[in-house]
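Inside the fold
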Amino acid sequence: MKRVFGLSLSLAAFLSIVGCHSDEPPQFRLNNAAANTADVQIKTSGGNTININGVTVGATTAYQGTEAGRIDLTANVKNDPTPATATFLAENGATYTIKISGSPPALTITSP
């Protein structure tokens, strides 16, 4: 009986580890909690650039895929001369919310 329990526990642990790995590209969305409309530029380590313009106050965009690796962010908020910048490493299988807030604007990256 102990052997069956031990094998069951080992199998469950193995399946949970295998099930957590994903080759899906990382995804991100933007949440604008700043005082005005925001434009965001996302640069990937692979050399691609994604521009998302006109994110209105209080809006959250749909998720978009990107490539894994270093992500450089620049956000410009209307009527605020100081851009917000941030850098993070995006991993396959992960989702990220990039929040723009404050004055001068700041970027916060979270992954649920």
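Our structure is the block above this text.
A few points on the structure. (Residues numbered from 1 in each chain as written. Predicted model: local features only at pLDDT ≥ 70, side-chain atom pairs only at ≥ 80, totals over all residues. Heavy atoms only, no water.)

1. Considerations on the pattern of salt bridges
Heads up, the rule is: What counts as a salt bridge is simple: a side-chain nitrogen of Lys or Arg found within 4 Å of a carboxyl oxygen of Asp or Glu.
Evaluated as defined, the whole model comprises 1 salt bridge. For Arg70, the salt bridge is made with Asp72, and the minimal N-O distance between the two is 3.0 Å.

2. What to know about the packing of aromatic side chains
Each aromatic ring pair is summarised here by two numbers: the centre-to-centre distance and the angle between the ring planes. Heads up, the rule is: Ring geometry is summarised as follows: Phe, Tyr and Trp rings, the Trp one being its six-membered ring, pair when their centres sit within 6.5 Å, and such pairs are stacked at plane angles under 30 degrees, edge-to-face over 60 and tilted between the two. The rule is simple: take the accessible area with a 1.4 Å probe, protein chains only, and divide by the maximum for that residue type; under 20% is buried, over 50% is exposed, in between is partly exposed.
For the coordinates displayed, the defined rule picks out 1 aromatic pair. With a centroid separation of 5.0 Å and an interplanar angle of 55°, the aromatic rings of Phe88 and Tyr96 are classed as tilted. Accessibility assignment for this pair places Phe88 and Tyr96 in one class, buried.

3. Focus on the pairing of strand 6 (residues 84–90)
So the rule is basically this: Strands are runs of DSSP state E lasting at least two residues, helices are runs of H or I lasting at least four, and both sets are numbered from the N terminus onward. A pair of strands is treated as paired once DSSP finds two or more bridges between them.
Of the two faces of strand 6, the one lined by Ala84, Ala86, Phe88 and Ala90 is fully buried and the one lined by Thr85, Thr87 and Leu89 carries no buried residue. Note: strand 5 (residues 69–77) against strand 6, 7 bridges, orientation antiparallel. Looking across to strand 6, one finds that Arg70 is bridged to Leu89. Linking two consecutive strands that pair antiparallel, namely strand 5 and strand 6, is a turn of 6 residues; a positive phi of about 70° is found at Asn79 within it.

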